[in-house]
Amino acid sequence: MPTSILMVTDFFYPNFGGVENHVYQLSQCLLQLNYKVVIVTHAYGDCKGVRYLTNGLKVYYLYRRPLYLQSTAPTVFGSMRMLRVIMLRESVHIVHAHQAFSTLGLEACLHARTMGYKVVFTDHSLFGFADVSSILMNQLLKCVLCDVHHVICVGHTSK
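Residues numbered from 1 in each chain as written. Predicted model: local features only at pLDDT ≥ 70, side-chain atom pairs only at ≥ 80, totals over all residues. Heavy atoms only, no water.

Undergrad: So what exactly am I meant to see when it comes to the nonpolar core here?
TA: Note on soluble globular proteins: their nonpolar side chains tend to be buried together. Formed by 25 residues in total, the largest nonpolar core has its most connected members in Leu6, Val8, Val40, Met87, Val95 and Cys109. For this core, the secondary-structure elements that each account for two or more residues are strand 1 (4-8), strand 2 (36-42), strand 4 (58-62), helix 2 (80-89), strand 7 (94-98), helix 3 (103-114), strand 8 (118-123) and helix 4 (132-145). A total of 5 residues in this core trace back to one element, the largest contributor, which is helix 3. Sequence-distant contacts of Leu6, that is, excluding residues within four places in its chain, are made with Val38, Val40, Ile86, Met87, Val92, Ile94, Val95 and His96. In terms of nonpolar packing, the next biggest core, distinct from the first, is built from 17 residues, Met7, Tyr13, Tyr44 and Tyr61 among them. (Core = buried A, V, L, I, M, F, W, Y, C linked by side-chain atoms within 4.5 Å. Buried < 20%, exposed > 50% of the residue type's maximum accessible area, 1.4 Å probe, protein only. Helix = DSSP H or I, 4+ residues; strand = E, 2+ residues; numbered from the N terminus. Contact = heavy atoms within 4.5 Å.)

Undergrad: What is the right way to look at unusual backbone geometry in this model?
TA: Keep in mind that most residues, glycine aside, have a negative phi and that most peptide bonds are trans. Backbone torsion omega between Tyr13 and Pro14 reads 15 degrees, so that peptide bond is classified as cis. Here Pro14 lies in the loop between strand 1 and helix 1 (18-32). In this structure, Asn55 is a non-glycine residue whose phi angle is positive, near 60 degrees. By the element assignment, Asn55 lies in the loop between strand 3 (49-52) and strand 4. Look at Ser91: it is not a glycine, yet its phi comes out positive at around 50 degrees. Note on placement: Ser91 falls in the loop between helix 2 and strand 7. Judged by its relative accessible area of 31%, Ser91 is partly exposed.

Undergrad: What is the right way to look at the environment of Phe101 in this model?
TA: Positionally, Phe101 belongs in the loop between strand 7 and helix 3. Its relative accessible area of 29% is what places Phe101 among the partly exposed residues. On a C-alpha basis, the gap between Phe101 and Leu141 in space is 9.4 Å, while along the polypeptide they are 40 residues apart.

Undergrad: So what exactly am I meant to see when it comes to the pattern of salt bridges here?
TA: Working definition: two side chains of opposite charge can pair if their charged atoms are close together. Evaluated as defined, the whole model comprises 3 salt bridges. For Lys36, the salt bridge is made with Glu90, and the minimal N-O distance between the two is 2.9 Å. With a gap of 54 residues between them, Lys36 in strand 2 and Glu90 in the loop between helix 2 and strand 7 connect regions that are remote in the sequence. Where Lys58 meets Glu90, a salt bridge forms, and the shortest distance between an N and an O atom there is 2.7 Å. Here Lys58 is found in strand 4, whereas its partner Glu90 is found in the loop between helix 2 and strand 7, with 32 residues between them in sequence. For Glu90, a relative accessible area of 3% translates into the label buried. One continuous salt-bridge network, built from bridges that share partners, spans Lys36, Lys58 and Glu90. (Salt bridge = Lys/Arg side-chain N within 4 Å of Asp/Glu carboxyl O.)

Taken by themselves, the reported measurements are silent on function.
Structure representation (structure tokens):
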């Protein structure tokens, strides 16, 4: 049975951007290397439920409405049940969350660690310490990322 990786982010297709492209391309590369890859994101309009993309890439579009700039409202336990069901159903080995402002990704990190999964977090953010929201997000990231196995920083600001 191949290693199963769950990618979790608020930012995915049909929306377009750097994080969306990165998650899609990384997933396609992992599929070619015979990993099983499943993506979890929030619903986009009519895009709800389970969809299959190129090369059998399975995407779960959860019924969560975006609050601001495609990020969902933080709930802490609101998505726990659904994430747990997906992790068990897909026989996940590794949870890989993307983007600091993805509340769904941060929640997945917390829940995956409480369930004993290995967790990787990729930070694509370019925010620094110039405003209050960035300072608060950095404090939240310190709490969430203290228990993950690996952190990948794409931009120099996060390093």
